[in-house]
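These are the residues of each chain, in order.
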Amino acid sequence: KIKFRCLEIHVAHACNLKCKSCSHFSDQQHKGIITVDQLEEWCGDWPKRVYPEEVNMLGGEPTLNKNLVEFVYSTRKNWNESKLNLITNGFFLHRHVGLPEALQQTGTNLVVSIHHDSIDYQDKLKEIKSLVFGWQKKYDFKTEWRESYRNWKILFKNKGSEMLPFEDNNPKQSWKNCESKHTKQLY
């Protein structure tokens, strides 16, 4: 098998937030939810051919997908040797009753991406933390609270179909700045 560091799988393209520096361009009005059948089709024979050390299920916002729990199980089935992470802003975790059990059974880590340090946002985050800490009293899974907003930067100009990369005529520096240079993506 070909080994590489990370594979990312979009569970949903849509997001409930519109962060200006979103590396998945969710602020650009992307829509759509991925079905488990689509995931299976995308994976195809890849699990027999490649070994990603880590697989990230993300979006957009993956908790917008009503079949998230099934998605977690299917991802583990396809990538049984890889470290699995579910990366979410956490706002809709409460919608997925079977999720903590799925995280435990599949050995999937929950990564809560923190998008802002404002008082209003931090108040909402308290509810998410309370839910997750409650889950962890009953289920055994790892959680990471990632202050993503600390590393955000805008890497393009314009919006939507008018979006363009910055014209700095320095492709080596652009590659050095690219956070996704070691990540493959199934889409």
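Scroll up a little and you will see the structure.
Anyway, here's the lowdown on the structure attached to this text. The structure displayed is predicted, hence computed values, not measured ones.

Considering the packing of aromatic side chains
Step number 1: Across all of its chains, the model carries 2 aromatic pairs by this definition.
Step number 2: Judged by centre distance (5.7 Å) and plane angle (70°), the rings of Phe91 and Tyr121 are edge-to-face. Here Phe91, found in the loop between β3 (83-88) and α4 (99-106), pairs with Tyr121, found in helix α5 (residues 119-138); they are 30 residues apart in sequence, far enough to count as distant. A single burial state applies to Phe91 and to Tyr121, both of which are buried.
Step number 3: Across from the ring centre of Trp46, 5.9 Å away, lies the NZ or CZ of Arg49, which sits over that ring.
Step number 4: Lys129 extends its terminal NZ or CZ atom over the ring of Trp145, reaching a point 5.5 Å from the ring centre.

Description of the packing of helix α3 (residues 68-78) against α4
Step number 1: Closest axis-to-axis distance for the α3/α4 pair is 9 Å, and the angle between their directions is 5°. In terms of axis orientation, α3 runs roughly parallel to α4. Contact with α3, carried on its side by Leu68, Val69, Val72, Tyr73 and Arg76, involves Leu99, Glu101, Ala102, Gln105 and Thr106 of α4 and no other residues of that element.

Quick notes on the nonpolar core
Step number 1: Counting residues in hydrophobic clusters, the biggest one holds 34 residues, and the most contacted among them are Phe71, Trp79, Leu99 and Leu110.
Step number 2: Of all the elements in the fold, those that place two or more residues in this core are β1 (2-12), α1 (36-43), β2 (50-59), α3, β3, α4, β4 (108-113) and α5.
Step number 3: Among the elements that take part in this core, α5 stands out by supplying 5 residues, more than any other.

With respect to empty space enclosed by the protein
Step number 1: Throughout the structure, instances matching the rule amount to 1 cavity of 30 Å³ or more.
Step number 2: Here the largest cavity defines a volume of roughly 40 Å³.
Step number 3: Every residue along the wall of the largest cavity is listed here: Lys1, Pro47, Val50, Tyr51, Pro52, Asn78, Trp79, Asn80, Glu81 and Ser82.
Step number 4: Looking at the lining of the largest cavity element by element, the count peaks at 3 residues for β2.
Step number 5: For the lining of the largest cavity, the residue count by class is 5 nonpolar, 3 polar and 2 charged.

Focus: α1
Step number 1: Buried residues of α1: Val36, Leu39, Trp42 and Cys43, and no others. Taken down its axis, α1 places every buried residue within 120° of arc, on the same side. Pointing more than 90 degrees away from the buried face of α1 are the exposed residues Asp37 and Glu41.
Step number 2: Just downstream of α1, Gly44 is the residue with a positive phi angle, here 45°.

Brief notes about the packing of α1 against α3
Step number 1: It is the contact of α1 with α3, at a shortest axis distance of 10 Å, that shows an interaxial angle of 15°. Between α1 and α3, the angle falls in the class roughly parallel. With respect to the hand of their crossing, α1 and α3 are arranged in right-handed fashion. Contact residues: α1 offers Val36, Leu39, Glu40 and Cys43, while α3 offers Glu70, Phe71, Ser74, Thr75, Lys77 and Asn78.
Step number 2: Here the contact of α1 with α3 is composed, by residue class, of 4 nonpolar, 3 polar and 3 charged.

As for α4
Step number 1: Here α4 has its buried residues at Leu99, Pro100, Ala102, Leu103 and Thr106. On an axial view of α4, the arc spanned by its buried residues comes to 160°, and they lie on one face.
Step number 2: For α4, the elements touching its buried residues are α3, β3, β4 and α5.
Step number 3: Looking one or two places after α4, you find Gly107, whose phi comes out positive at around 65°.

Analysis parameters
- Residues numbered from 1 in each chain as written.
- Predicted model: local features only at pLDDT ≥ 70, side-chain atom pairs only at ≥ 80, totals over all residues.
- Heavy atoms only, no water.
- Phe/Tyr/Trp six-rings, centres within 6.5 Å; stacked < 30°, edge-to-face > 60°.
- Helix = DSSP H or I, 4+ residues; strand = E, 2+ residues; numbered from the N terminus.
- Buried < 20%, exposed > 50% of the residue type's maximum accessible area, 1.4 Å probe, protein only.
- Lys NZ or Arg CZ within 6 Å of the ring centre and 35° of its normal.
- Axes fitted to C-alpha atoms, helices over the stretch in contact; angles between N-to-C directions.
- Parallel < 35°, antiparallel > 145°, perpendicular 65-115°, else oblique.
- Contact = heavy atoms within 4.5 Å.
- Core = buried A, V, L, I, M, F, W, Y, C linked by side-chain atoms within 4.5 Å.
- 1 Å grid on protein atoms, 1.4 Å probe; cavity = no way out; pocket = protein on both sides within 12 Å on 5 of 7 lines; lining within 4 Å.
- Points joined across faces, edges and corners; volume = space filled by probe spheres on them.
- Nonpolar A, V, L, I, M, F, W, Y, C, P; charged D, E, K, R; others polar.
- Arc of directions from axis to C-beta.
- Left-handed = near helix turned anticlockwise from the far one by under 90°.

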